[in-house]
Amino acid sequence: MKTYIEIKVPIRYDAHWFESLRKVLHSVDVRWQKGYYHITMAFMDETAERADWKSILDKHFGQIPAFEFTFDKIDVFTSRPGKHIVYLTATQVPQRFASLVEAVRDEMVGAGCRIQSDFKLHVTLGRANFPNSKLNTIRERINTIVVPKLSLTLTDVDFRVFRGPVIYETSMSK
């Protein structure tokens, strides 16, 4: 079974900077995310039935303070030829968060889960279809958007079935 660990990110579809982004990319085939914004900490291509993921999540999230992130950059990356992700990110990632990501991913693998993708800190804003040759042009358009420094507190963590329900929720302390 495919599953993933996500940290919810409270941004708004109707935020001015987001509206501006959609406007500059109006001629591009983008399927915009409407709500449900998150950071995928780990995507398990296969979740071992014996994996004690609840203990791993409780251990790492149960008693730690919430993360303060300043999201300040929009960009685009290629997920596969002709398919791209328009995303929001933070140029400064707290070391405590980077260490947590590594520890959680390592323990999930140790519990028998298969993780093939590397971690890339991003919040998907939209999925775009355009030829790879247009990537620099699209990036130039995106770079015209001024993203205000969005200082957000991230507390809520979900463990989900891919394209399915949440199977476990937890929160970091505020």
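See the structure printed just above.
Residues numbered from 1 in each chain as written. Predicted model: local features only at pLDDT ≥ 70, side-chain atom pairs only at ≥ 80, totals over all residues. Heavy atoms only, no water.

Draft legend 1. Expanded view of the pairing of strand 6 (residues 83–89). With six of seven residues buried, strand 6 lies mostly within the body of the structure. With seven bridges connecting them, strand 5 (residues 73–80) and strand 6 associate as antiparallel partners. Residue pairing in the sheet places Lys 73 in a bridge with Thr 89 of strand 6. Between strand 5 and the antiparallel strand that follows it, strand 6, lie two residues; Gly 82 among them carries a positive phi value of about 80°. Relative to strand 7 (residues 123–129), strand 6 runs antiparallel, the two sharing six bridges. Bridging across to strand 7, His 84 finds its partner in Ala 128. (Buried < 20%, exposed > 50% of the residue type's maximum accessible area, 1.4 Å probe, protein only. Helix = DSSP H or I, 4+ residues; strand = E, 2+ residues; numbered from the N terminus. Pairing = 2+ DSSP bridges.)

Draft legend 2. Summary view of the pattern of salt bridges. Evaluated as defined, the whole model comprises eight salt bridges. Between Glu 6 and Arg 160 there is a salt bridge, with its nearest N and O atoms 3.7 Å apart. With Glu 6 in strand 1 (residues 3–8) and Arg 160 in strand 9 (residues 156–161), this pair connects stretches of sequence that are 154 residues apart. Residue classification places Glu 6 among the buried residues on the basis of a relative accessible area of 0%. Between Asp 158 and Lys 8 there is a salt bridge, with its nearest N and O atoms 3.3 Å apart. With Asp 158 in strand 9 and Lys 8 in strand 1, the pair connects residues that are 150 residues apart, well separated along the chain. With relative accessibility at 3%, the residue Asp 158 sits in the buried group. For Lys 8, a relative accessible area of 31% translates into the label partly exposed. Look at the salt bridges and you will find they share partners, linking Lys 73, Asp 75 and Arg 139 into a network. (Salt bridge = Lys/Arg side-chain N within 4 Å of Asp/Glu carboxyl O.)

Draft legend 3. Just helix 4 (residues 135–142), in detail. Within the span of helix 4, buried status applies to Leu 135, Ile 138 and Ile 142. End-on view of helix 4: buried residues confined to an arc of 65°, all on one side of the axis. Residues Asn 136 and Glu 140 are exposed on helix 4 and point more than 90 degrees away from its buried face. On its buried side, helix 4 packs onto helix 1 (16–24), strand 5 and strand 6. (Arc of directions from axis to C-beta. Contact = heavy atoms within 4.5 Å.)

Draft legend 4. Geometry of the packing of helix 2 (residues 53–61) against helix 3 (residues 95–110). The geometry of helix 2 relative to helix 3 is characterised by a closest axis approach of 10 Å and an angle of 165° between their N-to-C directions. Overall, the two elements helix 2 and helix 3 adopt an arrangement that is roughly antiparallel. Taken as a pair, helix 2 and helix 3 cross one another with a handedness that is right-handed. Taken together, the residues of helix 3 that come into contact with helix 2 (itself represented by Trp 53, Ile 56, Lys 59, His 60 and Phe 61) are Leu 100, Ala 103, Val 104, Glu 107 and Met 108. (Axes fitted to C-alpha atoms, helices over the stretch in contact; angles between N-to-C directions. Parallel < 35°, antiparallel > 145°, perpendicular 65-115°, else oblique. Left-handed = near helix turned anticlockwise from the far one by under 90°.)

Draft legend 5. Region of interest: the environment of Phe 159. With respect to the element layout, Phe 159 can be found in strand 9. Residues Phe 159 and Arg 80, 79 residues apart in the sequence, show an inter-C-alpha distance of 25 Å. Look past the residues within four positions of Phe 159 in its chain and what remains in contact with it is Thr 3, Tyr 4, Ile 5, Met 44, Thr 47, Trp 53, Leu 57, Met 108, Val 166, Ile 167 and Tyr 168.

This is a description of form; function is not addressed.
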